[in-house]
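Chain and residue survey
Residue strings, one per chain:
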Amino acid sequence: GTATATPLAKSKSSDPRVCTTITLPKPLRIRLEEIRPGFPGARLVSGASDVAPNSILLRVGLVDATTLPFREVVDLIAATEGASVELTFKGPAEVLGNSQKKKKVKSKALPWQSCPPVLATDEAQQLAGNVGFDPLNFAKDMTTLSTYREAEMKHGRLAMVAAFGWVAAELWDDDIAAVLKIPSVLQENNGLNPSLLDGGLELPPVYYWAAVLAFTAWVESVGATFKRDALVRDGMYLAGDLGFDPLSLYPKDKEGKANMQLAELKHGRLAMLAITSFALDEFVLQAPVVAPLV
């Protein structure tokens, strides 16, 4: 969906995160893109000088556009009757902020080098755990950095659960299997946890893997919905923030939040190293990692 045009009428606030409604003559000459592949809704790329780039399209006329696939948004605009169309935006919809001001900052991880450009931006400097480590420059822009940060958070959380589960299984799997009167997977795998290196992944029943797949899909669905709602509501989304805090442990103050985010990130990074070392240790020694403890 492309379009650039002079607005016929507009209502605009000085706050860039509240709604901005513009009326554009048809054919439109603004450019819209998907918020991200497979993500509902559209964002403004260019063409409307009164709306900040990367703002999210909220409504086409009176129709909610935030839940529609991108192609349906384009079709909706095209199907609008009349010589003009009214579009309402909220933004900017940067995942980690809207400023790309770069600074000359030394890398904390590699102090003899400058911090990679994207990690030196104002937004990236506010990210918990940013020590300027990206020697291969994988993060080309803030959107890519957000994608990597979210992947890191997911892998870290999964690794924390896996590291605990790895040890717990080797300590208590036999007892739990006896209580439930089911075969012990670890016994069938020579006392080792099933893994790509040690084999045994075929031992858990099919319904176990089906349950894992279903639960993972549900979590991803909840996460995508929360992310979309946060972008529409606040104009930004903190990678990994799914609003899950049943015990209300997340602090209310800015400093406390930053400390909690950093603690989770450090624990996740340590857990990723730990679970990797567990798998390598058992592959090389062919003995459970808890063997020295029992």
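Residues numbered from 1 in each chain as written. Predicted model: local features only at pLDDT ≥ 70, side-chain atom pairs only at ≥ 80, totals over all residues. Heavy atoms only, no water.

Points about the packing of helix 3 (residues 142-180) against helix 6 (residues 254-285)
Running from amino to carboxyl end, helix 3 crosses helix 6 at an angle of 50°, the nearest separation of the two axes being 7 Å. With respect to each other, helix 3 and helix 6 are oriented oblique. Classified by chirality, the crossing of helix 6 by helix 3 is left-handed. Of the residues belonging to the contact of helix 3 with helix 6, the class tally is 13 nonpolar, 4 polar and 7 charged. (Axes fitted to C-alpha atoms, helices over the stretch in contact; angles between N-to-C directions. Helix = DSSP H or I, 4+ residues; strand = E, 2+ residues; numbered from the N terminus. Parallel < 35°, antiparallel > 145°, perpendicular 65-115°, else oblique. Left-handed = near helix turned anticlockwise from the far one by under 90°. Nonpolar A, V, L, I, M, F, W, Y, C, P; charged D, E, K, R; others polar.)

What about the environment of Met160?
As for its position among the elements, Met160 is in helix 3. On the basis of relative accessible area, Met160 is assigned to the partly exposed category, the value being 28%. Ignoring any residue separated from it by four or fewer positions in sequence, one finds Met160 in contact with Glu264, His267, Gly268 and Ala271. (Buried < 20%, exposed > 50% of the residue type's maximum accessible area, 1.4 Å probe, protein only. Contact = heavy atoms within 4.5 Å.)

Let's talk about the layout of surface pockets
Here the second largest pocket is characterised by a volume of approximately 520 Å³. Considering the residues around the second largest pocket, the lining is formed by 18 residues, among which Phe133, Asp134, Tyr148, Glu152 and Arg269 are closest to the centre. The element contributing the most residues to the lining of the second largest pocket is helix 3, with 5 residues. Class assignment for the residues of the lining of the second largest pocket results in 11 nonpolar, 3 polar and 4 charged. (1 Å grid on protein atoms, 1.4 Å probe; cavity = no way out; pocket = protein on both sides within 12 Å on 5 of 7 lines; lining within 4 Å. Points joined across faces, edges and corners; volume = space filled by probe spheres on them.)

Considering the nonpolar core
In terms of nonpolar packing, the biggest core is built from 20 residues, with Ile30, Leu32, Leu57, Ile77, Leu87 and Phe89 touching the most fellow members. For this core, the elements supplying multiple residues, two or more each, are strand 2 (19-25), strand 4 (42-46), strand 5 (56-60), helix 1 (70-79) and strand 7 (84-90). Considering each element in turn, this core owes the most residues, 4 residues, to helix 1. (Core = buried A, V, L, I, M, F, W, Y, C linked by side-chain atoms within 4.5 Å.)

Points about the pattern of salt bridges
Using the criterion set out here, one finds 7 salt bridges in the structure. Of the charged contacts, one joins Glu33 and Arg43 as a salt bridge, the two residues approaching to 3.2 Å between their closest N and O atoms. Placement of Glu33 in strand 3 (residues 31-34) and of Arg43 in strand 4 is noted, with a sequence separation of 10 residues between them. Under the relative-accessibility criterion, Glu33 is labelled partly exposed at 24%. We note a salt bridge from Glu220 to Lys154, for which the minimum N-O separation is 2.9 Å. Taken together, the residues span a long stretch of sequence, with Glu220 in helix 5 (residues 206-234) and Lys154 in helix 3 at a distance of 66 residues. For Glu220, a relative accessible area of 38% corresponds to the partly exposed category. Salt bridges linked by common partners bring Arg31, Glu33 and Arg43 together as one network. (Salt bridge = Lys/Arg side-chain N within 4 Å of Asp/Glu carboxyl O.)

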